[in-house]
Amino acid sequence: MSGPLLAIENLHVQFARSEDQVYAVNGVSFSIHENETLGIVGESGSGKSVMLMSSIGLLRENGKITAGTANFQGRDLLKLRPKQLEDIRGRDIGVIFQDPMTSLNPVMRIGDQIMEAMLTHQYAGRKEAFERTLHLLHEMGIPDPKARFKNYPHEFSGGMRQRIMIAIALACEPQLLIADEPTTALDVTVQMQILALLQELRRKRGMSVVMVTHDFGVATNFCDKIVVMYGGQIMEMADTDQFIRKTMHPYSLGLKRSIIEVGHRGKAIVPIPGAAKTMTQAPAGCPFAERCPYRTERCDNEVPELRKLNADHYIACHRAEEVASLAV
Ligand SMILES: Nc1ncnc2c1ncn2[C@@H]1O[C@H](COP(=O)(O)OP(=O)(O)OP(=O)(O)O)[C@@H](O)[C@H]1O
Ligand code: SF4
Ligand SMILES: [Mg+2]
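Now for a description of the structure that goes with this document. Keep in mind that what you see is a predicted model, and the values were worked out from it rather than measured. (Residues numbered from 1 in each chain as written. Chains lettered and ligands numbered in written order. Predicted model: local features only at pLDDT ≥ 70, side-chain atom pairs only at ≥ 80, totals over all residues. Heavy atoms only, no water.)

1. Things to note about the pairing of strand 10 (residues 233–239)
Counted residue by residue, strand 10 has six buried out of seven residues, so it is predominantly covered. In the sheet, strand 9 (residues 225–230) pairs with strand 10 via six bridges, with the strands oriented antiparallel. Within the sheet, the bridge partner assigned to Tyr230 lies in strand 10 and is Gln233. Connecting strand 9 to the next strand, strand 10, in antiparallel fashion are two residues, including Gly231 with a positive phi near 55°. In this structure, strand 10 lies alongside strand 12 (residues 313–315), joined through three bridges in antiparallel fashion. Looking at the pairing, Glu236 lines up with Ile315 of strand 12. (Buried < 20%, exposed > 50% of the residue type's maximum accessible area, 1.4 Å probe, protein only. Helix = DSSP H or I, 4+ residues; strand = E, 2+ residues; numbered from the N terminus. Pairing = 2+ DSSP bridges.)

In structure tokens form, the structure reads like this:
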């Protein structure tokens, strides 16, 4: 295939609340190609989950997609019926959710849950599904797959449950894996093990991965491309090497300063002043303006478009070039 595997164009998502509207996603466009890994970062509430989940038909009842397209293998996912989307989810697009305890069925043996994923999508017959499940458990690093097949989710540690979630997501060998904070709930060592496992599985299968994470380090270590979101918009999008060498957006720079970078342990952590707000109006200017040290009048009155700096780098900031030279 020459074009992207998934291309999201101008996606807008709103939620109705009793008193007002939430403008959760405001004109997002990006694409992911075969064999590519994309990391989506941004503070809590920036629209990462809503953007991804809405494009695969997982939107809460009070939510509405008001504009956009999401082309996957030549079909606009946003135009499909729920049953068609269900077919694609799990078969062509695997999904890993943040909390395995809420996504696994507590009263069903884990082996049956993995098998069910294959049987529902008619990926394999019963016997083959059973064999494949044992193989998948082994591949996920779960010792003694035959015995563990019969266990229930509560009989596993957090890290092991996450491995089972991955097995379910990969049961039908999807081309695309969407992982929404797959390691956030785990301690650092287990987090690293799960990421290493994901990395290995991705390479082996030649699969594409979109991973949402709060953790900049995780994104830059794991992903080919980085997307930084704020206020339901993409602030910066770049090839990872380019992004590490030449971060340009004031928000991305702020995020970078607010974490401990490997090799810079002595460096002080500088949090971004202020906090992200829920967007209850359509953006009229830059969503980051209130917290940005480079804000000008234009920033309040004109929404910065995501523009191309070069083939591998896009930015939504009126003053990106000046900021980059000041921040060196
Ligand atoms: N069902 C809903 N009703 C109203 N507002 C919602 C709903 N779901 C999400 N939102 C709002 O949409 C915005 C984007 O939420 P989203 O869950 O995508 O953020 P996120 O970037 O994934 O954050 P986190 O890192 O905490 O997971 C937030 O302001 C959130 O409060
Ligand atoms: S557009 Fe203005 S407010 Fe927004 S990030 Fe750039 S300089 Fe800051
Ligand atoms: Mg989220």
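2. Observations regarding helix 2 (residues 82–91)
The periodicity of an α-helix, 3.6 residues per turn, causes residues three or four positions apart to be oriented the same way. The complete set of buried residues in helix 2 reads Leu85, Ile88 and Arg89. Considered in projection along helix 2, the buried side chains sweep an arc of 100° and stay on one side of the axis. Residues of helix 2 that are buried in the fold lie against strand 4 (63–72), strand 5 (75–76) and strand 6 (93–96). (Arc of directions from axis to C-beta. Contact = heavy atoms within 4.5 Å.)

3. Topic: helix 5 (residues 126–139)
Helix length check: helix 5, at 14 residues, gives a terminal C-alpha distance of 20 Å against a target of 20 Å (1.5 Å per residue), a fit within 8%. Here the buried face of helix 5 lies against helix 4 (110–120), helix 6 (145–148), helix 7 (158–170) and helix 8 (188–205). After helix 5 finishes, the residue Gly141 shows a positive phi value of roughly 80°. (Expected span 1.5 Å × (residues − 1).)

4. Quick word on the site of ligand 1
Taken together, 16 residues form the shell around ligand 1, and within it Ser44, Gly45, Lys48, Ser49 and Val50 come nearest. Contact between ligand 1 and Lys48: an oxygen atom at 2.8 Å from a side-chain N or O atom of the residue. At 3.4 Å, a side-chain N or O of Glu181 approaches an oxygen atom of ligand 1. Calculation on ligand 1 without its partners gives an accessible area of 630 Å², and the protein chains cover 76% of this total. In terms of residue count, the dominant contributor to the shell around ligand 1 is helix 1 (residues 48–55) (three residues). For the shell around ligand 1, the per-class residue count stands at four nonpolar, eight polar and four charged. (Near = heavy atom within 4 Å. Polar contact = N/O pair within 3.5 Å; in protein donor to acceptor, adjacent residues only side chain to side chain. Areas by Shrake-Rupley, 256 points an atom, 1.4 Å probe, with all protein chains shown as cover. Nonpolar A, V, L, I, M, F, W, Y, C, P; charged D, E, K, R; others polar.)

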